[in-house]
Amino acid sequence: MFAEFLQYLFTGITIGATYALIALGFTLIYNASHVINFAQGEFLMIGGMATVSLTAMGVPMVLAIILAVLLAGVLGILLQRFAIAPAKQADVVTLIIITIGASIFIRGLAQLVWGKEYHVMQNFSSDEPIRIFGAVLNSQSLWVLGIGAILVVGLVLFFTRTLIGKAILATSMNKEAARLVGIRTQLVLMLAFLVSAVLGSVAGVVVAPITFTSYDIGIMLGLKGFVAAAIGGLGSGMGAVVGGLLLGIVEAMAAGYISSDYKDAVAFSMILIVLFFMPRGLFGAKVVERV
Amino acid sequence: MLKTILRRTGKFAAIAAAGLVMSAQAAEPIKIGSFLSVTGPASFLGDPELKTLEMYVEKINEEGGVLGRQLELIHYDDVGNASNARNFASRLIRSDRVDIIVGGSTTGATMAAVPLVEQAKIPFISLAGAVVITTPVKEWVFKTPQSDRMAAERILTDMKDRGITKIGLISGTGGFGSSGRTQTLEVAEKMGIEVLADVTYSGSDTDMTAQLTNIRNTDGVEAVLNFGFGQGPAIVTRNYDQLGMELPFYQSHGVASDSFLELAGDSAEGLRLPASPLLVPDSLPDDDPQKKVVQDYKAEYEARWDSKVSTFGAYAYDGLMLAVQAIEAAGSTDKEAVREALENIQGYVGVTGVFNMSPEDHNGLDADSFRILEVQNGEWKLIN
């Protein structure tokens, strides 16, 4: 009985950590620009796919991962420079639509370059799963959790301790005022896209050994990451992490105890329930509308 | 000036007239129409199918054609979209005026074209899997792949042979998985096999540990069957291995390909599935009538396209050969005669199986055309 519960919990936490990393990417760009970047899932896909194809070319795994993350970062910058920046006068909804277009474009490109097959990636360490109280934990799950935790702590430090981090926060609070005190808001935006692309691609690399990877892996994972971000309260880093883990665990419990048929329904109705009672999400900032 | 023009026109007229006479002497080509999902989400079906059709139409033409007439392949790409399929079927019938249609990569595309084909009364050989295409029998519609019902029968028979009567079922929620689930439940009831656990996963799921734990904790389960398609079954296979589950494990024909072995890796060791003999051409016993057909198709396809042969391309091979055989038997391209000839084909040895058509059975295959394979040392091994 307990082993069963523990198994669902492990499953939930692993997949939840992935959702959390994707949600963090959403949060970052949302903070800097109030744009919800629906191309976030594609960064995840680029991370996994580029690593797989580089290792297939004989590049050592570690180097392949670094190159893949760099590639995703460059793509993030390009996305901001050539798709978002030219439309800077447009309102937020238009920018969101642009990101949807960009995600379809990137996916199409990936399909041409890498084909449509699913690809395998080796576990970072041993293939042997770990057994705890009758439940099993994939060793790769530890990597997902560990790297996820490091990234979260790093982000917190980045936003509270560095000038650039504070500049991003300032831009998100009031773009005009930030510009007046000398912050180059366009640069800040670019930085936000860079960091969230890096986050997304790292998530893509660490989960690829568990989920496989293909050109369209970003669609559903990206969507779930968005749900996680919304549950946590868009714009809150803490919210993204809690939202992601909560979503993962609820999904796994629903699949295990209720019925796997309702797993996605449970996940998506959770967003309705949370937003109904807490319209700004679990950790959303309290906003006072000035009239 | 005027004279020259007149003289030239006269010359042209003479040449044109000569050309007409010539072409009337050479027989009209037999037009084979096709709509396939060559690009789009189902391109893994349509791509090898088109390659197969192109290559064998060429080959047949080089060898002198059918009834002394050349074959002409007219094909369209429906991009995996049923409404495109319907439009193209209509174009094939009305403007291209083809003699027979061999195509329809997916069940959706096939079913969209069926009403048109029935109305226009033109023979149609579908390359899609579902039972609904030929059950109930439609006068003008035939199909070459086995149905998922036969796969379920084959798997459950093999289980029964091993003395297994209580199973756990895990299936994908996509069209293939859910249809397979329905068929498995029906066949299991008929064969007296109990399905104790029945869980599902959606196509985009990345972890099926929870569902499998559910099955593992169900008392009395003696074997597990996964009916699904795409990467899902590979993840199920890996999770199955990670959970350390020891029960006999079966997959469906949906993943009977080498790319599945690549994805699932070591965790696929020992699992069984029903598959086309195309996966194990060289292990077939020498007295197996399909051995030569299967080996030849594999060799020719791989030599021509420099890519791995797939069972889906084999459906197109069988479709084309059945069409050719029917036209030869009918002695003309008269549609009713060809339809009747198709219906009466007996003992045609194809790549997918041995076809015995009848007015009641427009598929002509039985469950035994599937071979049960087991994964041993990372390779397919023929069991029976």
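Residues numbered from 1 in each chain as written. Chains lettered and ligands numbered in written order. Predicted model: local features only at pLDDT ≥ 70, side-chain atom pairs only at ≥ 80, totals over all residues. Heavy atoms only, no water.

Visitor: Even after reading the chapter, I still don't get the overall build of chain A, so can you show me in this structure?
Guide: Regarding its fold elements, chain A presents 11 helices and 2 strands. A globule of 291 residues ought to have a C-alpha radius of gyration of about 19 Å, and chain A, at 19 Å, matches this closely. In terms of overall dimensions, chain A has a C-alpha envelope of 60 × 50 × 35 Å along the principal axes. Sorting the 291 residues of chain A into buried and exposed places 53% on the buried side. (Helix = DSSP H or I, 4+ residues; strand = E, 2+ residues; numbered from the N terminus. Rg over C-alpha atoms; globule rule 2.2 N^0.38 Å. Buried < 20%, exposed > 50% of the residue type's maximum accessible area, 1.4 Å probe, protein only.)

Visitor: Explanation requested: the UniProt feature "transmembrane region" (unreviewed entry) in chain A in the structure shown.
Guide: Residue and element names in this part refer to chain A. Under the present numbering, the feature "transmembrane region" (unreviewed entry) in UniProt falls on residues 6–28, 61–80, 92–114, 142–164, 185–211 and 265–283. With 100% helix and 0% strand, the stretch residues 6–28 has end C-alpha atoms that lie 32 Å from each other. A distance of 37 Å separates the end C-alpha atoms of residues 185–211, which is 100% helix and 0% strand. (UniProt positions renumbered as here; feature names shortened; annotations may be inferred.)

Visitor: Even after reading the chapter, I still don't get the packing of helix 2 (residues 40–56) of chain A against helix 9 (residues 217–232) of chain A, so can you show me in this structure?
Guide: Residues and elements named next belong to chain A. Two numbers describe how helix 2 lies on helix 9: the axes approach to 7 Å, and their chain directions differ by 130°. Put simply, helix 2 runs oblique to helix 9. Both helix 2 and helix 9 take part in a crossing whose hand is right-handed. Residues Gly41, Glu42, Leu44 and Met45 of helix 2 touch helix 9, and the partners they reach there are Ile217, Gly218, Leu221 and Gly222. Of the residues that constitute the contact of helix 2 with helix 9, the class distribution is 4 nonpolar, 3 polar and 1 charged. (Axes fitted to C-alpha atoms, helices over the stretch in contact; angles between N-to-C directions. Parallel < 35°, antiparallel > 145°, perpendicular 65-115°, else oblique. Left-handed = near helix turned anticlockwise from the far one by under 90°. Contact = heavy atoms within 4.5 Å. Nonpolar A, V, L, I, M, F, W, Y, C, P; charged D, E, K, R; others polar.)

Visitor: Would you mind showing me how to read the nonpolar core here?
Guide: Looking at soluble globular proteins, one finds that nonpolar side chains tend to be buried together. Core analysis: the biggest nonpolar cluster contains 63 residues, and B:Met159 and B:Tyr297 have the highest contact counts within it. Ranked by residue count, the leading element in this core is helix 11 (residues 311–330) of chain B, at 11 residues. With residues near it in sequence (within four places) discarded, B:Tyr297 still touches B:Thr52, B:Tyr56, B:Leu278, B:Val309, B:Ser310, B:Gly313, B:Ala314, B:Tyr317 and B:Val351. Counting residues in each nonpolar core, the second largest holds 60 residues, with A:Ile29, A:Ala178, A:Tyr215 and A:Val227 among its members. (Core = buried A, V, L, I, M, F, W, Y, C linked by side-chain atoms within 4.5 Å.)

Visitor: When you look at helix 1 (residues 2–33) of chain A in this model, what are you seeing that I'm missing?
Guide: Side chains of residues three or four places apart in an α-helix project in the same direction, reflecting 3.6 residues per turn. Residues and elements named next belong to chain A. Taking 1.5 Å per residue as the helical rise, helix 1 with its 32 residues ought to reach 46 Å, and the 45 Å between its terminal C-alpha atoms agrees with that figure. Counting buried residues in helix 1 gives 27 out of 32 residues, a clear majority hidden from the surface. Looking one or two residues past helix 1, histidine 34 carries a phi angle of roughly 65°, positive in sign. (Expected span 1.5 Å × (residues − 1).)

Visitor: Could you clarify how one ought to interpret a negative patch on the surface in this entry?
Guide: On the surface, a cluster of negative charge is contributed by A:Asp127, A:Glu128, B:Asp241, B:Glu246, B:Asp266 and B:Glu269. Here A:Glu128 lies in the loop between helix 4 (92–114) and strand 1 (130–132). On the basis of relative accessible area, A:Glu128 is assigned to the exposed category, the value being 56%. (Patch = residues over 30% accessible without salt bridge, like charges linked within 9 Å, V, L, I, M, F, W, Y side chains within 5 Å. Areas by Shrake-Rupley, 256 points an atom, 1.4 Å probe, with all protein chains shown as cover. Salt bridge = Lys/Arg side-chain N within 4 Å of Asp/Glu carboxyl O. Lys, Arg positive; Asp, Glu negative; His and termini not counted. Charge placed at Lys NZ, Arg CZ, Asp CG, Glu CD.)

Visitor: Mind showing me how you'd approach the interface of chain A and chain B here?
Guide: Quite often, the size of an interface is put as the accessible area lost when its parts meet. Taken together, the contact pairs 27 residues of chain A with 26 residues of chain B. Buried surface at the junction of chain A and chain B, summed over both partners, amounts to about 2,200 Å²; 54% is from carbon and sulfur atoms. Considering only the surface of chain A that becomes buried against chain B, A:Tyr118, A:Phe212 and A:Ser260 emerge as the three largest contributors, covering 23% of it. Summed over the shared surface of chain A and chain B, the result is 1 salt bridge. (Buried area = accessible area lost by both parts, 1.4 Å probe.)

Visitor: Help me understand the environment of B:Asp361 in this model?
Guide: Residue and element names in this part refer to chain B. You can see aspartate 361 is positioned in the loop between strand 12 (354–355) and strand 13 (371–376). When sequence neighbours within four positions are dropped, the list of residues in contact with aspartate 361 reads Val137 and Asn356. At 3.0 Å, the side chain of aspartate 361 forms a polar contact with the backbone nitrogen of asparagine 363. (Polar contact = N/O pair within 3.5 Å; in protein donor to acceptor, adjacent residues only side chain to side chain.)

Visitor: Just to check I follow, could you spell out the side chain of A:Asn138 for this structure?
Guide: Structurally, A:Asn138 is set in the loop between strand 2 (135–137) and helix 5 (139–161). Of note is the side chain of A:Asn138, whose polar atom sits 3.0 Å from the backbone nitrogen of A:Gln140.

Visitor: How should I be thinking about the packing of aromatic side chains in this particular structure?
Guide: Aromatic ring pairs are defined here through the distance separating the ring centres and the angle between the ring planes. Residue and element names in this part refer to chain B. Taken as a whole and assessed by the stated rule, the structure comprises 21 aromatic pairs over all chains. Summarising the aromatic geometry, the rings of phenylalanine 312 and tyrosine 315 are spaced 6.2 Å apart at their centres and angled 65° between planes, so their arrangement reads as edge-to-face. Here phenylalanine 312 and its partner tyrosine 315 are both found in helix 11, 3 residues apart, which amounts to about one turn of the helix. Each member of the aromatic cluster is reached from another via a ring pair, and the members are Phe44, Phe176, Phe227, Phe229, Phe312 and Tyr315. Positioned above the aromatic ring of tryptophan 305, the side-chain terminus of arginine 304 is 4.5 Å from the ring centre. Above the ring of tryptophan 140, the side-chain terminus of arginine 339 is found at 5.6 Å from the ring centroid. (Phe/Tyr/Trp six-rings, centres within 6.5 Å; stacked < 30°, edge-to-face > 60°. Lys NZ or Arg CZ within 6 Å of the ring centre and 35° of its normal.)

Visitor: Any chance you could explain helix 11 of chain B here in plain terms?
Guide: Residue and element names in this part refer to chain B. Taking 1.5 Å of rise per residue, 20 residues should cover 28 Å, and helix 11 covers 29 Å from first to last C-alpha, within 8% of that figure. With 15 of its 20 residues buried, helix 11 lies for the most part within the structure. Just beyond helix 11, the residue with positive phi is glycine 331, at close to 75°.

Visitor: What is the right way to read the pairing of strand 10 (residues 272–275) of chain B from this model?
Guide: Within a regular strand, the side chains alternate between the two sheet faces. All names here are of chain B. Going residue by residue along strand 10, you find Arg272 and Pro274 tucked away on one face and Leu273 and Ala275 tucked away on the opposite face as well. Two strands pair when backbone bridges link them, and strand 10 and strand 13 are joined in this way by 4 bridges, in the antiparallel orientation. Bridge pairing in strand 13 links leucine 273 to leucine 373. (Pairing = 2+ DSSP bridges.)

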